[in-house]
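Chains, contacts and geometry: an overview
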Amino acid sequence: MDTATAPSVVGRILGTDVAGMFTPEDYEAFLARSLTYDAEGRLPGADGYIATHDEYWLAAEAAELLAVRQAADGQLTRFTSEGATFEVTGADWATVAARLRGLSPLARIRAAMAPTSTTLPVDAGTGYDPRSQGWPHRVRGGVIGNWS
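Residues numbered from 1 in each chain as written. Predicted model: local features only at pLDDT ≥ 70, side-chain atom pairs only at ≥ 80, totals over all residues. Heavy atoms only, no water.

A few words now on a nonpolar patch on the surface. Taken together, the side chains of Tyr-37, Leu-43, Ile-109 and Met-113 define a hydrophobic patch exposed on the protein surface, amounting to about 410 Å² of accessible area. Among the structural elements, Leu-43 can be located in the loop between helix 2 (24-33) and helix 3 (55-73). (Patch = residues over 30% accessible without salt bridge, like charges linked within 9 Å, V, L, I, M, F, W, Y side chains within 5 Å. Areas by Shrake-Rupley, 256 points an atom, 1.4 Å probe, with all protein chains shown as cover. Salt bridge = Lys/Arg side-chain N within 4 Å of Asp/Glu carboxyl O. Helix = DSSP H or I, 4+ residues; strand = E, 2+ residues; numbered from the N terminus.)

This is the structure:
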């Protein structure tokens, strides 16, 4: 895929005419951030790597940029005319970007590689030691947090 074909991929996935909303530089950035492993399993930068792009990630990058621009522009969402009130909401591009990333094979790989433990073990003690009035507290166990 290149900057000439990227607009049609973004338009097809987002289902709206957004291709003209991005510059060639935007598409180059989307392409760079959507690189993924190639058919042989090589990662970008490896010897023999063939540039391969994750289309969902590419479209998510586009949607995320639209979300940023939409937030920066501000929008009229409610107006009244001759006694009638109208309210219009724009597309939630941030949610679109998050959902597209969820469809990406890269998201499944990330989830599979995520640690199963929610604790962060350390070698030394943690916290403030009130007896010696110093850091770290070497008597307590070696767990910084236990998040769930």
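Here the focus is unusual backbone geometry. Of note in the backbone geometry, Glu-82 takes a positive phi value of approximately 50° without being a glycine. For Glu-82, the position within the fold is in the loop between strand 1 (78-81) and strand 2 (84-87). Given a relative accessible area of 83%, Glu-82 falls into the exposed group. (Buried < 20%, exposed > 50% of the residue type's maximum accessible area, 1.4 Å probe, protein only.)

Here the focus is the confidence of the model for the chain. On average, residues of the chain score 77 in pLDDT, and 71% of them reach the 70 mark or higher. Ranking the elements of the chain by mean pLDDT puts strand 3 (residues 119-121) last, at 48, and helix 2 first, at 94. The low-confidence segment residues 119-123, where pLDDT is below 50, has 11 contacts with residues more than four positions distant or belonging to other chains. (pLDDT = per-residue confidence, 0-100. Contact = heavy atoms within 4.5 Å.)

Moving on: the pairing of strand 1. Relative to strand 2, strand 1 runs antiparallel, the two being bridged by four bridges. Paired with Thr-80 across the two strands is Thr-85, which belongs to strand 2. The hairpin formed by strand 1 and strand 2 contains two residues between the paired strands, and Glu-82 there has a positive phi angle of roughly 50°. (Pairing = 2+ DSSP bridges.)

Moving on, we get to the pattern of salt bridges. A full pass over the atoms with the stated rule returns six salt bridges. A salt bridge links Arg-101 to Glu-64, with the nearest nitrogen and oxygen atoms 3.2 Å apart. Remark: Glu-64 occurs in helix 3 and Arg-101 occurs in helix 4 (residues 93-103); sequence separation between them is 37 residues. Owing to a relative accessible area of 16%, Arg-101 belongs among the buried residues under this scheme. According to the relative accessible area criterion, Glu-64 is partly exposed, its value standing at 35%. Residues joined by salt bridges that share partners form a network here, namely Arg-33, Glu-61, Glu-64 and Arg-101.

By size, the foremost hydrophobic cluster in this structure holds 19 residues, and its most contacted members are Val-10, Leu-14, Val-18, Phe-22, Leu-58 and Trp-93. Counting only elements with at least two residues in this core, the list comes to helix 1 (6-14), helix 2, helix 3 and helix 4. The leading source of residues in this core is helix 3, at seven residues. Excluding its chain neighbours within four sequence positions, the residues that come into contact with Leu-58 are Met-1, Ala-6, Val-9, Val-10, Phe-30, Leu-31 and Ser-34. (Core = buried A, V, L, I, M, F, W, Y, C linked by side-chain atoms within 4.5 Å.)

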